[in-house]
Amino acid sequence: MAVKAVRGFKDILPGQSENWRAVEDVARDVFESFGLREIRTPVLEKTDVFVRGIGEHTDIVEKEMYTFPDRNGDSLTLRPEATAGVIRAAIEHKLYAESGTLKLFTMGPMFRHERPQKGRLRQFHQINVELLGTDSPLSDGEVIWMAWDVLHELGAQDLRLEVNSLGCPACRKEHRKDLNLYLEQVSPDLCPDCQRRSRTNPLRIFDCKNQRCREVMARAPLIKHHLCPGCSDHFGKVLDVLESVEIPFVINPYLVRGLDYYVRTTFEILASGLGAQNTVAAGGRYDGLVRSLGGPDIPGVGMAIGMERLLLLLDSPSSRMTTDIFVAALGREARDEVMPWIRDWRRMGFVVQMSYEEKSLKAQMKEANRLGAGYVLIVGEDELDREELILRDMKTKEQIAIPMDDVISRVENILNRGDE
RNA sequence: GUGGGCGUAGCUCAACGGUUAGAGCGUCGGGUUGUGGCCCCGGAGGCUGUGGGUUCGAUUCCCACCGCUCACCCCA
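Here the structure is a predicted model, which is why all the values come from computation and not from measurement.

A. Examining the overall build of chain A more closely. Counting secondary structure elements, chain A contains 15 helices and 16 strands. Relative to the compact-globule value of 22 Å for 420 residues, chain A shows a C-alpha radius of gyration of 28 Å, a clear excess of over 25%. By the burial criterion, 50% of the 420 residues in chain A qualify as buried. Between the centroid of the 56 positive side chains of chain A and the centroid of its 65 negative side chains there is a distance of 7 Å.

Here it is, written out as C-alpha cells:
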C-alpha cells in the first residue's frame, strides 16, 4: 500500500500553487498599503498559549487541537489559529513598545482536528491581520476594510459583510444575565443542542438552524439593547468608517464568534457558493487578550481570511507552464555551445528550458510546445557551421536567423519585446 | 463524534450477474531528410480500494474495514 497524505491535509500542486501565490501577493500589497508589516510565528506553541488565548471552554480547545507532549513533557499544540501566537510573539519581544500602534499581518497553515468537508480541512491556511495598541473605532474599520479590499481586489463576487457589536465585558454581563433568565423560561422549547449551549455558550443559540429555536430566540434579549454608551458610540463610529469608504454591510444582531476573546466589534464576510462553510473572512476586537496572555493591558483588533475558501470562490483555473525560450540543441557539440547562453538568459530572469535527452528535433519541438515556449532556438550542425542560428516564434511560426556571435543580446531583445 | 453519497487506467467516466474490463482526455511512438499545436495510425498504462460471503461465474449482489466526499456539529 502506497503512502498517502494524512486525512484533511492536502497537497498544493503545481497549477494551483501559482494561484496561492497570486492571492498572497495581493494580500501583501493591500496590507502594506495600510502600513502593516509581516510577522511569521512558529506553527507549534505551548498549549497554554491557546488555552489562555482562545478560551478553555471553546470547541477549538476542547476537542479540535492537535496537542501532544514534547519529549521533555511540555504540552505542545499545532496552532489552531494565528492570533494567540502573534500576540505571544509581540509580548515576548515587546513589539508594542516600538511605535504607537503595532500593525501586523501573517499567513500560513493552521490545524484543527475536525471532520473534513467542503471548505474545511484539518490543515488549512489563513491570512491574518492584527492591530495592537489602539481601541480607536478607526482601527476596527480599517481591519474590515482590509479584508474587504483583498477580496474585492481578487474579484470575489456575491459577498455579504455582516457586522455586530458584542459589547464590552460590562455590557455583556448585563446581557448575559437577561439572556440566562430568558433561556431558563424557554429551555424546554429548545433543541437538545441548544439546551446544552445555554450552559456552555448561550450566544451560539442565536444562530441555531433549528426552526423552533429561531422562533423562540426571535424574542430573546439582544446584545444591542444592552450596549453601554461607550460601546454603542464605538460601534456607531465603526459603521461610519464603512460608510465613508463605501463598503456595504448589514448589521446582524445575532452574529457571534466561536472564540472567547472577542469583544465589541465582530464581523463576518460570507460568500455564496462555498457550501455550508460560507464564511470566507471574519474577525473582531479582542481587548483583553494581550493581558490574558501575560502582556500589558493593551487593546487589539484583527481578522482572518480563509485561504482555501477564498480560492474556492475565485474558481481559479489551473495554471499552465510557460517558457520564454526553449533551446533545441542537436548533438553534443551544440549542447556545449549553448550552455553559457542559457546561463546568461536565466540570469536575466527568463524561463529557459531544454531537453535533457538526446532527441530528434521533432521530439524537441513537441516538448517545447508542451512547455508553452514562446520561442525555440534551434542549434544544430548546420547552424554551427554557418555561425547562424534559427529562432522560431512559436505563435507566428516565423523563423529568423540570428548571428551566433551576437546571439545572447539579440535573443534578449526579442524576449524583452515579447514581455510588453 | 453522527448521518448520507461514492470508490474501475494519470484525469473524467462506461461496462444486463456471463468471452480477453472499455471510451474520451493525457502520455509515448509513427505518418521518410532537421520543425510543435490540428488530423490519421499505433503502443504503454488496471490485483475494478481491501478482506470476506452468495453464485457454475462478481466490476456488478450482500457484509465488514479503509479511503474520498457532502452535511450535522463547529468555524476561516
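B. Region of the structure containing the protein's contact with RNA strand B. Lining the immediate surroundings of RNA strand B are 46 residues, of which Arg 115, Arg 204, Gly 258, Met 394 and Lys 397 lie closest. In the interface set of RNA strand B, defined as its atoms within 4 Å of the protein, sugar plus phosphate atoms amount to 53%. Between RNA strand B and Lys 10, the relevant distance is 3.5 Å, taken from a phosphate oxygen to a side-chain nitrogen or oxygen of the residue. In the environment of RNA strand B, a sugar or linking oxygen lies 2.9 Å from a nitrogen or oxygen atom belonging to the backbone of Val 280. Where the surface near RNA strand B is concerned, the elements lending two or more residues are α3 (59–64), β6 (123–132), α7 (192–200), β10 (279–285), α13 (361–370), α14 (381–386) and β15 (388–393). The leading source of residues in the surface near RNA strand B is α13, at six residues. Considering only residue class, the surface near RNA strand B consists of 12 nonpolar, 10 polar and 24 charged.

C. View of the sheet that holds strand β9 (residues 263–271). Taken together, the eight strands give an open sheet; going across it, the order is β1-β5-β6-β11-β10-β9-β7-β8, and neighbouring strands pair in mixed fashion. Since the sheet does not close on itself, it has two edges, and those belong to β1 (37–38) and β8 (250–251), each with one partner. Sheet topology places β1 next to strand β5 (residues 102–111); two bridges connect them, and they run parallel. Bridging from a neighbouring strand, Arg 37 pairs with Leu 104 of β5. Packed on one face of the sheet, helix α4 (residues 83–92) meets β5 and β6 and runs near 45° to β6.

D. Seen up close, the pattern of salt bridges. Scanning the model with the defined rule gives 17 salt bridges in all. Across the pair Glu 38 and Arg 40 runs a salt bridge, and its minimum N-O distance is 3.3 Å. Arg 40 sits in the exposed class, given a relative accessible area of 68%. With a closest N to O distance of 2.6 Å, Asp 140 and Arg 285 form a salt bridge. With Asp 140 in helix α5 (residues 137–153) and Arg 285 in strand β10, this pair connects stretches of sequence that are 145 residues apart. Arg 285 shares its class with Asp 140; the two are buried. Salt bridges sharing common partners tie together Asp 25, Arg 28, Glu 38 and Arg 40.

About the thresholds
- Residues numbered from 1 in each chain as written.
- Chains lettered and ligands numbered in written order.
- Predicted model: local features only at pLDDT ≥ 70, side-chain atom pairs only at ≥ 80, totals over all residues.
- Heavy atoms only, no water.
- Helix = DSSP H or I, 4+ residues; strand = E, 2+ residues; numbered from the N terminus.
- Rg over C-alpha atoms; globule rule 2.2 N^0.38 Å.
- Buried < 20%, exposed > 50% of the residue type's maximum accessible area, 1.4 Å probe, protein only.
- Lys, Arg positive; Asp, Glu negative; His and termini not counted.
- Charge placed at Lys NZ, Arg CZ, Asp CG, Glu CD.
- Near = heavy atom within 4 Å.
- Polar contact = N/O pair within 3.5 Å; in protein donor to acceptor, adjacent residues only side chain to side chain.
- Nonpolar A, V, L, I, M, F, W, Y, C, P; charged D, E, K, R; others polar.
- Pairing = 2+ DSSP bridges.
- Contact = heavy atoms within 4.5 Å.
- Axes fitted to C-alpha atoms, helices over the stretch in contact; angles between N-to-C directions.
- Salt bridge = Lys/Arg side-chain N within 4 Å of Asp/Glu carboxyl O.

None of the figures reported here should be taken as evidence of function without further support.
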